[in-house]
Amino acid sequence: MTDEVQDRIQGLVDSNDVLLFMKGSPLFPQCGFSSRAVAILNHLGVAFESVDVLQDQGIRQGIKAYSDWPTIPQLYVKGEFVGGSDIMMEMFESGELQQLLADKGAAKA
């Protein structure tokens, strides 16, 4: 993977408090896992940005190396990698995700 792709990903992560790398868009998710991740964030009423990895092959491959995580979606909060939709769901059900977002000062939608 190129340094340029890594720099682009780093810039996106750094410039967005809550960022979801996903397949599709929040209005039209292109896979069930991305759909679930969006539903969790919407349910929590948190403001978030998204990156559609289907629109950029470099980002699609690069994000997996960036996070050392093999699947998409991927959630970042204030620059910190949180996990994919399964981890998001577990954290949501236990209240950990709500606490993390509150602790990090994530803005409401």
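Residues numbered from 1 in each chain as written. Predicted model: local features only at pLDDT ≥ 70, side-chain atom pairs only at ≥ 80, totals over all residues. Heavy atoms only, no water.

Trainee: Lay out the pattern of salt bridges with the relevant residues and their values.
Mentor: This model, assessed by the stated rule, comprises 4 salt bridges. For R36, the salt bridge is made with D86, and the minimal N-O distance between the two is 3.4 Å. Pair noted here: R36 is in helix α2 (residues 32-44) and D86 is in helix α4 (residues 85-94), with a separation of 50 residues, a long-range link. Looking at R36, the relative accessible area reads 29%, which means it is partly exposed. (Salt bridge = Lys/Arg side-chain N within 4 Å of Asp/Glu carboxyl O. Helix = DSSP H or I, 4+ residues; strand = E, 2+ residues; numbered from the N terminus. Buried < 20%, exposed > 50% of the residue type's maximum accessible area, 1.4 Å probe, protein only.)

Trainee: Before we move on, can you summarise the sheet that holds strand β3 (residues 74-77) with the specific residues and values?
Mentor: Ordered by their spatial adjacency, 4 strands build an open sheet running β2-β1-β3-β4, and the pairing between neighbours is mixed. The open sheet has two edge strands, β2 (49-52) and β4 (80-83), and neither has a second partner. The mean inter-strand angle of the sheet, taken between neighbouring strand axes irrespective of direction, is 25°. Pairing of strand β1 (residues 18-22) with β2 involves 4 bridges; the strand directions are parallel. Pairing of L19 across the sheet is with E49, part of β2. Taken strand by strand, helix α1 (residues 3-15) contacts β1, β2 and β3, and its axis lies near 140° from that of β1. Across the sheet, α2 touches β1 and β3, and the angle it forms with β1 is around 160°. (Pairing = 2+ DSSP bridges. Axes fitted to C-alpha atoms, helices over the stretch in contact; angles between N-to-C directions. Contact = heavy atoms within 4.5 Å.)

Trainee: For the pairing of β3, give the residues involved together with the corresponding values.
Mentor: On β3, burial covers both faces: Q74 and Y76 on one face and L75 and V77 on the other are all buried. With 4 bridges connecting them, β1 and β3 associate as antiparallel partners. When the sheet's bridge partners are listed, V18 is paired in β3 with V77. Hairpin connection of β3 to β4: 2 residues between the antiparallel strands, including K78 at a positive phi of 50°.

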